[in-house]
Amino acid sequence: MLHPDLFTFTDLQAEGDKLKTTIKLNAGHSIFNGHFPGQPVLPGVCMMQMVKEVTEVYMDKKIRLQKARELKFLSFIDPIEHASIQMELSIKTTDDGIKVDARLLNDAMLFFKFSGMFIRR
Amino acid sequence: MIISQDNIISVIPQRHPFVMIDQLVTCDEVYSNTTFLIKADNVLVEDGELSEAGIPENIAQTAAAGFGYITQQNKKPIAAGYIAAIKNLEIFALPKVGEIIETNVAITDHVFEVTIISGRVKCNGKLLAFCEMKIYIKE
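Attention here is on the structure that accompanies the text.

The rules behind these values
Residues numbered from 1 in each chain as written. Chains lettered and ligands numbered in written order. Predicted model: local features only at pLDDT ≥ 70, side-chain atom pairs only at ≥ 80, totals over all residues. Heavy atoms only, no water. Helix = DSSP H or I, 4+ residues; strand = E, 2+ residues; numbered from the N terminus. Buried < 20%, exposed > 50% of the residue type's maximum accessible area, 1.4 Å probe, protein only. Contact = heavy atoms within 4.5 Å. Areas by Shrake-Rupley, 256 points an atom, 1.4 Å probe, with all protein chains shown as cover. Salt bridge = Lys/Arg side-chain N within 4 Å of Asp/Glu carboxyl O. Patch = residues over 30% accessible without salt bridge, like charges linked within 9 Å, V, L, I, M, F, W, Y side chains within 5 Å. Lys, Arg positive; Asp, Glu negative; His and termini not counted. Charge placed at Lys NZ, Arg CZ, Asp CG, Glu CD. Pairing = 2+ DSSP bridges. Axes fitted to C-alpha atoms, helices over the stretch in contact; angles between N-to-C directions. Buried area = accessible area lost by both parts, 1.4 Å probe. Polar contact = N/O pair within 3.5 Å; in protein donor to acceptor, adjacent residues only side chain to side chain. Nonpolar A, V, L, I, M, F, W, Y, C, P; charged D, E, K, R; others polar.

## Let's talk about the overall build of chain A
For step 1, the next point in the chain: Looking only at helices and strands, chain A has two helices and six strands in total.
For step 2, the next point in the chain: Counting from the amino terminus, chain A carries its helices and strands in the arrangement β-β-α-α-β-β-β-β.
For step 3, the next point in the chain: With the C-alpha coordinates aligned to their principal axes, the bounding extent of chain A is approximately 45 × 25 × 25 Å.
For step 4, the next point in the chain: Residues classed as buried in chain A amount to 49% of the 121 residues present.
For step 5, the next point in the chain: Contacts spanning at least 24 positions in sequence make up 60% of the contacts within chain A whose residues lie at least 6 apart.
For step 6, the next point in the chain: Counting only carbon and sulfur atoms, one obtains 48% of the accessible surface of chain A, whose full area is about 5,700 Å².

Here it is, written out as structure tokens:
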């Protein structure tokens, strides 16, 4: 789990199938020692994991990513410069699983776009 | 094997605790192949399994080790690489702590500073996951 050591989230607001939350990153996490030394950047794969973990908390279920058509990493997230960012999600339960579309952004930038299908574990 | 676990960081820019490959088994200009033992203290292990995040990271680092090995042979410094996009990712199962995964990557295209790859992760001969990826390499 990356939560709560790498990131925490607050102000989880739901409206229909849309969710919003404020993400706070911990720039002191050991992951940043290795990715990369002296040049901390949030690994793209951790953004994907953060989407899963927020979805799990919201749904109160353990899930596993099964398919992702496209994940786009549009801007680097420096954990000091971008210590607080927004996550927006749309979560739809279908016969095939739990379809999640999500974005990480702030007022000025879009960092990450996610579209994936999860299954219950 | 061409690069052992003791030397793997000589061909990739990632460092502990975010090294997600152990050995570079084979590689040439197009293909690279690594192995990785899933350990309990891995930062991406959750509930006794490598989490989903570990799969594309392992594929990306397998590609990075291939580029890095060729770069090293040409006596150039190892460049940082960033995942720009992951496409058509499918995960059938996740590897458990104690299991060794084998990963194969093929470079399918280069467009300016972006390299397009496709990768597959197997464990005990069974396919666990595959995806395509765009990797941006900062020269």
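Structure shown, so let's carry the discussion forward.
## Observations concerning the pattern of salt bridges
For step 1, the next point in the chain: Counting across every chain of the model gives nine salt bridges over all chains.
For step 2, the next point in the chain: Ionic pairing is found between A:Lys62 and B:Glu46, a salt bridge with its closest N-O pair at 3.4 Å. Remark: B:Glu46 occurs in strand β3 (residues 45-46) and A:Lys62 occurs in the loop between α2 (44-59) and β3 (63-73); the pair is interchain, linking two chains.
For step 3, the next point in the chain: Classification of B:Glu46 by relative accessible area gives buried; the value is 6%.
For step 4, the next point in the chain: Salt bridges sharing partners connect three or more residues here, namely A:Lys52, A:Glu56, A:Lys62, B:Glu46, B:Asp47 and B:Glu52.

## What about a positive patch on the surface?
For step 1, the next point in the chain: A grouping of A:Arg69, A:Lys72, A:Lys113, B:Lys87 and B:Lys134 is seen on the molecular surface, where their side chains present a positively charged patch.
For step 2, the next point in the chain: Judged by relative accessible area, A:Lys72 falls into the partly exposed class, the value being 32%.

## Thoughts on the sheet that holds strand β4 (residues 84-93) of chain A
For step 1, the next point in the chain: Taken in spatial order, the 12 strands make up an open sheet running β1(A)-β2(A)-β4(A)-β5(A)-β6(A)-β3(A)-β5(B)-β8(B)-β7(B)-β6(B)-β2(B)-β1(B), and their pairing is antiparallel. Across the chains shown, the open sheet's two edge strands, defined by having one partner strand only, are β1 (7-15) of chain A together with β1 (23-27) of chain B. On average, adjacent strands in this sheet sit at an angle of 25° to one another, irrespective of strand direction.
For step 2, the next point in the chain: Where strand β2 (residues 18-25) of chain A meets β4(A), seven bridges bridge the pair, whose relative direction is antiparallel. Bridge pairing links A:Lys18 to A:Ser90 in β4(A).
For step 3, the next point in the chain: Where α2(A) meets the sheet, it contacts β1, β2, β3, β4, β5 (98-105) and β6 (110-120) of chain A together with β5 (80-91) of chain B, and its direction lies at approximately 60° from that of β4(A).

## A few points about the interface of chain B and chain A
For step 1, the next point in the chain: With 33 residues of chain B at the contact, the number on the chain A side is 33 residues.
For step 2, the next point in the chain: Interface area, chain B with chain A, both sides summed: about 2,600 Å², of which 57% is carbon and sulfur.
For step 3, the next point in the chain: For the chain B face of the interface with chain A, the top three residues by lost area are B:Glu46, B:Glu52 and B:Tyr82, together amounting to 23%.
For step 4, the next point in the chain: In this structure, the connection of chain B to chain A is made through 17 residue pairs in polar contact (both at pLDDT 80 or more).
For step 5, the next point in the chain: Put simply, the parts of the chain that give the side of chain B that touches chain A at least two residues each are β3, α1 (54-73), β5 and β8 (126-138) of chain B.
For step 6, the next point in the chain: At 11 residues, the largest contribution of residues to the side of chain B that touches chain A is made by β5(B).
For step 7, the next point in the chain: Grouping the amino acids of the side of chain B that touches chain A by side-chain chemistry returns 19 nonpolar, five polar and nine charged.
For step 8, the next point in the chain: Looking at chain direction, β3(A) and β5(B) are connected through five bridges and run antiparallel. Along β5(B), the bridge assignment pairs A:Lys72 with B:Ala85.

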